[in-house]
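Descriptive structure summary
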Amino acid sequence: MLPTVVTEARRSFVDDLEARGFEEVERGRSQRVRTDAGDRARLAKVTATYPFGADAPNDALDVEGWLGVWSHGGSFRIAGGAYPVRGVDALLAEGASGKRPETSPNEFRSELLDLIRAVE
(Lines give C-alpha, C1' and ligand atoms only; values in the text may rest on other atoms or scores of the structure.)
Protein backbone atom coordinates (compact mmCIF):
# COMPACT_ATOMS: atom_id res chain seq x y z
CA MET A 1 0.00 0.00 0.00
CA LEU A 2 2.88 2.42 0.75
CA PRO A 3 4.04 2.59 -2.89
CA THR A 4 0.54 3.67 -3.95
CA VAL A 5 0.40 6.35 -1.24
CA VAL A 6 3.87 7.61 -2.26
CA THR A 7 2.87 7.81 -5.93
CA GLU A 8 -0.39 9.64 -5.22
CA ALA A 9 1.20 12.04 -2.73
CA ARG A 10 3.90 12.99 -5.23
CA ARG A 11 1.33 13.45 -7.98
CA SER A 12 -0.79 15.66 -5.71
CA PHE A 13 2.24 17.74 -4.70
CA VAL A 14 3.11 18.41 -8.34
CA ASP A 15 -0.54 19.14 -9.19
CA ASP A 16 -0.78 21.64 -6.30
CA LEU A 17 2.30 23.52 -7.50
CA GLU A 18 0.94 23.70 -11.04
CA ALA A 19 -2.48 24.83 -9.79
CA ARG A 20 -0.75 27.68 -7.92
CA GLY A 21 0.89 28.94 -11.12
CA PHE A 22 4.26 27.23 -10.96
CA GLU A 23 5.73 26.15 -14.28
CA GLU A 24 8.44 23.72 -15.38
CA VAL A 25 7.54 21.46 -12.45
CA GLU A 26 9.92 18.53 -12.49
CA ARG A 27 10.35 15.53 -10.26
CA GLY A 28 13.90 14.96 -9.19
CA ARG A 29 15.84 12.45 -7.19
CA SER A 30 14.55 10.65 -4.17
CA GLN A 31 16.22 9.53 -1.00
CA ARG A 32 15.43 7.97 2.36
CA VAL A 33 15.82 9.60 5.75
CA ARG A 34 15.04 8.67 9.32
CA THR A 35 12.34 10.66 11.05
CA ASP A 36 12.76 11.84 14.63
CA ALA A 37 10.49 8.95 15.66
CA GLY A 38 12.82 6.45 13.94
CA ASP A 39 10.66 5.70 10.90
CA ARG A 40 12.15 5.56 7.40
CA ALA A 41 10.67 8.25 5.16
CA ARG A 42 10.89 8.37 1.38
CA LEU A 43 11.76 11.90 0.27
CA ALA A 44 11.20 13.14 -3.27
CA LYS A 45 12.63 16.36 -4.69
CA VAL A 46 10.57 18.63 -6.93
CA THR A 47 11.75 21.79 -8.69
CA ALA A 48 9.62 24.50 -10.27
CA THR A 49 9.60 28.09 -11.48
CA TYR A 50 7.10 30.81 -10.65
CA PRO A 51 7.08 33.44 -13.42
CA PHE A 52 6.60 37.08 -12.52
CA GLY A 53 4.82 39.69 -14.59
CA ALA A 54 6.59 41.82 -17.15
CA ASP A 55 6.95 44.68 -14.63
CA ALA A 56 9.15 42.64 -12.29
CA PRO A 57 12.93 43.21 -12.47
CA ASN A 58 13.52 39.49 -11.99
CA ASP A 59 11.75 37.20 -14.41
CA ALA A 60 11.02 34.26 -12.11
CA LEU A 61 11.37 32.63 -8.73
CA ASP A 62 12.92 29.15 -8.76
CA VAL A 63 11.89 26.83 -5.95
CA GLU A 64 12.89 23.43 -4.68
CA GLY A 65 10.51 21.26 -2.75
CA TRP A 66 10.70 18.04 -0.81
CA LEU A 67 7.89 15.64 0.00
CA GLY A 68 8.23 12.90 2.59
CA VAL A 69 5.95 9.88 2.88
CA TRP A 70 6.22 7.08 5.44
CA SER A 71 4.32 4.55 7.45
CA HIS A 72 3.85 5.15 11.18
CA GLY A 73 1.86 3.01 13.60
CA GLY A 74 -0.43 1.50 10.98
CA SER A 75 -1.12 4.80 9.16
CA PHE A 76 0.76 7.08 6.80
CA ARG A 77 2.49 10.38 7.31
CA ILE A 78 2.91 12.91 4.51
CA ALA A 79 4.85 16.14 4.97
CA GLY A 80 6.53 18.54 2.59
CA GLY A 81 7.12 22.04 1.44
CA ALA A 82 9.13 24.24 -0.88
CA TYR A 83 11.55 27.14 -0.61
CA PRO A 84 13.16 29.64 -3.00
CA VAL A 85 16.54 28.82 -4.50
CA ARG A 86 16.83 31.75 -6.93
CA GLY A 87 15.04 35.06 -7.41
CA VAL A 88 14.07 35.97 -3.87
CA ASP A 89 16.94 38.45 -3.41
CA ALA A 90 15.64 40.57 -6.29
CA LEU A 91 12.16 40.55 -4.78
CA LEU A 92 13.46 41.66 -1.40
CA ALA A 93 15.55 44.40 -3.02
CA GLU A 94 12.32 45.93 -4.37
CA GLY A 95 10.86 46.30 -0.88
CA ALA A 96 11.68 48.73 1.85
CA SER A 97 15.30 48.98 2.81
CA GLY A 98 16.42 47.88 6.20
CA LYS A 99 17.08 44.50 7.72
CA ARG A 100 16.22 41.76 5.25
CA PRO A 101 15.82 38.11 6.17
CA GLU A 102 18.49 35.59 5.31
CA THR A 103 18.00 34.00 1.91
CA SER A 104 20.21 30.93 2.00
CA PRO A 105 18.73 28.02 0.02
CA ASN A 106 20.93 25.60 1.98
CA GLU A 107 19.49 26.85 5.27
CA PHE A 108 15.96 26.73 3.84
CA ARG A 109 16.52 23.12 2.77
CA SER A 110 17.93 22.13 6.13
CA GLU A 111 15.01 23.71 8.00
CA LEU A 112 12.42 22.08 5.74
CA LEU A 113 13.97 18.64 6.12
CA ASP A 114 14.11 19.12 9.90
CA LEU A 115 10.40 19.96 9.90
CA ILE A 116 9.54 16.92 7.78
CA ARG A 117 11.56 14.62 10.05
CA ALA A 118 9.80 16.06 13.13
CA VAL A 119 6.29 15.07 11.97
CA GLU A 120 4.93 12.27 14.14
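Residues numbered from 1 in each chain as written. Predicted model: local features only at pLDDT ≥ 70, side-chain atom pairs only at ≥ 80, totals over all residues. Heavy atoms only, no water.

This paragraph deals with the overall build of the protein. Within the protein one finds three helices and four strands. Secondary structure elements of the protein, listed N to C terminal, follow the sequence α-β-β-β-β-α-α. Going through the 120 residues of the protein one by one, you find that 33% of them count as buried. Intrachain contacts of the protein at a sequence separation of at least 6 include 50% that bridge at least 24 residues. Counting every atom, the protein has about 7,300 Å² of accessible surface; 47% of that belongs to carbon and sulfur. (Helix = DSSP H or I, 4+ residues; strand = E, 2+ residues; numbered from the N terminus. Buried < 20%, exposed > 50% of the residue type's maximum accessible area, 1.4 Å probe, protein only. Contact = heavy atoms within 4.5 Å. Areas by Shrake-Rupley, 256 points an atom, 1.4 Å probe, with all protein chains shown as cover.)

Summarising the model, the protein shows a mean pLDDT of 88, and 84% of its residues fall at 70 or more. Mean pLDDT values over the elements of the protein span from 67, in helix α2 (residues 88–94), up to 95, in strand β2 (residues 40–51). (pLDDT = per-residue confidence, 0-100.)

Quick look at the sheet that holds strand β4 (residues 75–86) now. Overall, antiparallel pairing links the four strands, which are arranged β1-β2-β3-β4 in an open sheet. Looking along the sheet, the strands with just one partner apiece sit at the ends: β1 (23–34) and β4. The sheet shows a mean angle of 20 degrees between the axes of neighbouring strands, direction not considered. Pairing geometry for β2 and strand β3 (residues 60–72), over ten bridges, is antiparallel. From the neighbouring strand, V46 faces β3, where its bridge partner is G65. In this fold helix α1 (residues 2–19) packs onto β1, β2, β3 and β4, with an angle of close to 155 degrees to the strand it touches most, β3. In the packing of helix α3 (residues 105–118) onto the sheet, contacts are made with β1, β2, β3 and β4, and the angle to β4 comes to roughly 170 degrees. (Pairing = 2+ DSSP bridges. Axes fitted to C-alpha atoms, helices over the stretch in contact; angles between N-to-C directions.)

What follows concerns the environment of L113. Its place among the elements puts L113 in helix α3. Sequence spacing of L113 and V33 is 80 residues, and the spatial spacing of their C-alpha atoms is 9.2 Å. Look past the residues within four positions of L113 in its chain and what remains in contact with it is L43 and W66.

Bridging between β3 and β4 involves eleven bridges; their strand directions are antiparallel. Directly across from G65, in β4, lies its bridge partner A82.

Let us now look at the nonpolar core. Residues L17, F22, V25, V46 and V69 are the most contacted members of the largest nonpolar core, which totals 15 residues. When contributions to this core are tallied by element, the ones reaching two or more residues are α1, β2 and β3. Those residues in contact with V69 that lie beyond four places of it in its chain are L2, V5, V6, A9, A41, R42, R77 and I78. If you look at the next biggest cluster of nonpolar residues, it comprises ten residues, including W66, Y83, L112 and L113. (Core = buried A, V, L, I, M, F, W, Y, C linked by side-chain atoms within 4.5 Å.)

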